[in-house]
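Per-entry structural report
Residue-level listing of the chains:
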Amino acid sequence: MDVIGPYKIIEKIGEGGMGEVYKGLDTMLEREVAIKLMRPELINRQEIVDRFKSEAIATGRLNHSNITTLYNFGQENDQYYMALEFVPGKELEKILQNGALPWRKAVEYAIAALEGLEYAHQLGIVHRDLKPSNIMVHDQGTVKIMDFGIARILGKARLTKTGNFIGTLEYTPPEQIQGKEGDARSDIYSLGAVLYEMLTGNTLFTGTTEFELMNAQIKEKPRALRKLKPEIPAKLEKIVLQAVEKDPAKRFTSAKEFSTALQQLVRESGHEPKSPGSLAYFWKNYPAVVIAVALLVPGGVFILWHMDTTAPDTAPQTAAIQPEQSTQQQITSSPPPNLLSDDLSAPVDYESYAPMDPQPQPEFSDAKIPQLALIPDPGLGQPLPDLEEVEPFTDIDDSDFATPKTGQIPIPVRKPESIKNMQPVRTVETTQPRKATSQRTEQPAPVRQQTSPAAPQPNDDEDIGEWAKGFFGEN
């Protein structure tokens, strides 16, 4: 038979109690598969057919990295078959033919198998036939549990009569040999026996007949591991012996508890277990991926750093806002260029006005300085504050006006000739700040209107005629 269903049979790779295993090819998906065929002579034995179907149902429920995956189950003519995941590697049984493994490697394999068992137990599936020939080690180091042929789904009817057992004596727990109901702790015993063999290179018990083996499993104690391999840690020996206790109640209660004890041992010894999530695991199984990540991560960091250093500075530039100065403070600033010009009608260039740092006030002589009128800028648009009348100027000469020191701001003064005919001067005191405006509406310079002296008014005592003569003249 070269083809069964959509699968092409390539070569035979194994043989079991119920059937044979072949390497095949899925012609639809073009992937390698393991094809398990039931022996034709067993087709009439209903209990064997039921067991074959039970294995397919149990395996079909499981999807874990440490358990082989079932792709298909079918029947063609009188032939039942299963298409399973093909695992390139070696059975643990063949690996142990070369002797015991280093204890760290043995613990690594045991932890991986326990993770698969814990997953199956959570789904209510007990393997019941764990042994080195049912554990596959992938070429990349991954451990796979295979052959759930006599697995029992808890809660369903038994496929064997009470008093009978199915399994391999070297790894079968005492309760299963006695025909009692087994549970997850039965798998713990079997895996403990497998770990014992990986550590010592010897099976848990030996015998020349099946009866001797059965009697040893039920009554005898296993040999101490450290007597066979002194390099084995004492704590590891204690863990293994607890897993193979005769009484199920004295064993680990779950595969997770068993695995946790082994992982704790490895941590205490200074080496982390190479679980599927560890870097050592990926380095061993996927070195190309680890190298690619090691090259890409620094490259990505360099690119991001380069982009950050070459990006233009887009941060908003903030200028310090200078507080507005009062009228008195503005005296110490640089005045507009034409403020002191003799031409009062020339426009003032306020745009070029740049305040300078405050300078000390000019020093004056002891002479009294007359008060001058401060006329507000018409462009400010602010109403005049209250005005205060002051006394008119008296006789003033040039000596009354002090000249500032060199480099200070000159103070404009009125000549004495123009002061003599001045009307009373009004002074404006204000501390309102001058507001800078981007655009200044130019206003014509205020024109001082000169009024003639008021004409004398006649008194009641005077004669109107005399008053008229005096005003218009005698002519």
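Residues numbered from 1 in each chain as written. Predicted model: local features only at pLDDT ≥ 70, side-chain atom pairs only at ≥ 80, totals over all residues. Heavy atoms only, no water.

1. Some remarks on the overall build of the protein
As a reminder of what qualifies: Runs of E in the DSSP output that reach at least two residues are strands. Runs of H or I that reach at least four are helices, and both are numbered from the N terminus. Think of it in three bands: residues with accessible area under 20% of the maximum for their type are buried, residues over 50% are exposed, and the middle band is partly exposed, with areas taken using a 1.4 Å probe on protein chains only. Pairs of residues are marked as contacts when any of their non-hydrogen atoms sit within 4.5 Å. Every accessible area reported is derived by Shrake-Rupley at a probe size of 1.4 Å, with residue values counting cover from the shown protein chains alone.
Of the regular secondary structure elements, the protein holds 13 helices and 13 strands. Here the protein holds 475 residues, and 33% of them are scored as buried. At a minimum sequence separation of 6, the contacts of the protein that also span at least 24 residues come to 61%. If you sum the accessible surface of the protein, you get close to 30,600 Å²; carbon and sulfur atoms cover 53% of it.

2. Considering the side chain of Thr172
Note the threshold: Any N or O atom pair separated by 3.5 Å or less is treated as a polar contact, with the protein-specific requirement of one donor-capable and one acceptor-capable atom, and with residues adjacent in sequence counted only for side-chain atom pairs.
Relative to the assigned elements, Thr172 resides in the loop between β11 (152-153) and α4 (174-177). A polar side-chain atom of Thr172 sits 2.4 Å from the main-chain carbonyl oxygen of Thr168.

3. As for the confidence of the model for the protein
For clarity, the threshold we go by: Note on scores: pLDDT gives the predictor's confidence for each residue, bounded by 0 and 100.
When pLDDT is averaged across the protein, the result is 74; 57% of the residues are at 70 or more. This model gives residues 318-322 a pLDDT under 50, and the stretch forms zero contacts once residues within four places in sequence are excluded. A low-confidence stretch, residues 427-431 stays under pLDDT 50, and its non-local contacts, those more than four residues away or across chains, total eleven contacts.

4. Considering the sheet that holds strand β3 (residues 19-26)
The following threshold applies: The rule for pairing is simple: two strands pair if DSSP sees at least two bridges between them. The axes used here are C-alpha line fits, helices contributing only the stretch in contact, and every angle between their N-to-C directions lies in the interval 0 to 180 degrees.
Here six strands make up an open sheet; going across it, the order is β1-β2-β3-β4-β6-β5 and the pairing antiparallel. Because the sheet does not close on itself, it has two edges, and the strands there are β1 (3-4) and β5 (70-76). The strands touched by helix α1 (residues 46-61) within the sheet are β4 (31-38), β5 and β6 (79-85), with β6 carrying the most contacts at an inclination of about 25°.

5. Here's the deal with the pairing of strand β9 (residues 135-138)
Pairing geometry for strand β7 (residues 89-91) and β9, over three bridges, is antiparallel. Within β9, the residue paired with Lys90 across the bridge is Val137. As paired strands, β9 and strand β10 (residues 143-145) are joined by three bridges and run antiparallel to one another. Within β10, the position partnered with Val137 by the bridge is Val143. Where β9 folds back on β10, the antiparallel hairpin that results is connected by four residues, among which Gly141 adopts a positive phi of roughly 105°.

6. Thoughts on the packing of helix α5 (residues 184-200) against helix α8 (residues 234-243)
Our working rule: Crossing handedness is read from the near helix: turned anticlockwise from the far helix by less than a right angle, it gives a left-handed crossing, and turned clockwise, a right-handed one. Charged residues are taken to be Asp, Glu, Lys and Arg, nonpolar residues to be Ala, Val, Leu, Ile, Met, Phe, Trp, Tyr, Cys and Pro, and polar residues to be all remaining types, Gly included.
Where α5 meets α8, the closest approach of the two axes is 8 Å, and the angle between their N-to-C directions is 140°. For the element pair α5 and α8, the recorded crossing hand is left-handed. On α8, the residues that touch Ile188, Tyr189, Gly192, Leu195, Tyr196 and Leu199 of α5 are Leu236, Val240 and Ala243. When the residues that make up the contact of α5 with α8 are grouped by side-chain class, the tally is eight nonpolar, one polar and no charged.

7. Details of the nonpolar core
This is how it is decided: Residue types Ala, Val, Leu, Ile, Met, Phe, Trp, Tyr and Cys, when buried and joined through side-chain atoms within 4.5 Å, form a set referred to as a nonpolar core.
By size, the foremost hydrophobic cluster in this structure holds 52 residues, and its most contacted members are Leu195, Met198, Leu199, Leu236, Phe258 and Leu262. At eleven residues, the largest contribution of residues to this core is made by helix α3 (residues 103-122). Those residues in contact with Leu236 that lie beyond four places of it in its chain are Trp103, Val107, Leu199, Leu262 and Leu265. In this structure, Met18, Ile48, Phe52 and Phe86 belong to the second largest nonpolar core, which totals 13 residues.

8. Here's the deal with the packing of aromatic side chains
Our working rule: Put simply, two rings from Phe, Tyr or Trp (the six-membered ring, in Trp's case) pair if the centres are within 6.5 Å, and we call them stacked under 30 degrees between planes, edge-to-face over 60, tilted for the rest.
A full pass over the atoms with the stated rule returns four aromatic pairs. On the basis of an interplanar angle of 70° and a centroid distance of 6.2 Å, the ring pair of Tyr7 and Tyr81 is categorised as edge-to-face. In this pair, Tyr7 is assigned in strand β2 (residues 7-15) and Tyr81 in strand β6, connecting sequence segments 74 residues apart. For the residue pair Tyr7 and Tyr81, the accessibility class agrees, reading buried in each case. Measuring from ring centre to ring centre gives 4.9 Å for Phe252 and Phe258, while their planes differ by 10°; the resulting arrangement is stacked.

9. Re the packing of α3 against helix α9 (residues 255-268)
What describes two packed helices is the angle between their axes and the distance between those same axes. Formally: Reported orientations rely on four angle classes, namely roughly parallel under 35 degrees, roughly antiparallel over 145, roughly perpendicular from 65 to 115, and oblique for the rest.
Following both chains from N to C, one finds α3 and α9 inclined at 155°, their axes separated by 8 Å at the closest point. Here α3 lies roughly antiparallel to α9, going by the angle between them. As for the relative orientation of α3 and α9, their crossing is left-handed in sense. Within the contact between the two elements, α3 uses Trp103, Val107, Ala110, Ile111, Leu114, Glu115, Leu117, Glu118 and His121 and α9 uses Ala255, Lys256, Phe258, Ser259, Leu262, Gln263, Leu265 and Val266.

10. Concerning the environment of Ser54
Mapped onto the elements, Ser54 comes out in helix α1. In sequence terms Ser54 and Phe148 are 94 residues apart; their C-alpha atoms lie 8.4 Å from each other.

11. Some words on helix α6 (residues 210-219)
Just so we agree on the cut-off: By definition, the arc is the one covered by directions from the helix axis to the C-beta atoms.
Along α6, the residues classified as buried are Leu213, Ala216 and Gln217. All buried residues of α6 lie within an arc of 100° about the axis, which places them on one face of the element. Every exposed residue of α6 that faces more than 90 degrees away from the buried side is listed here: Phe211 and Lys219. Of the surrounding secondary structure, the elements contacted by the buried residues of α6 are α4 and α5.

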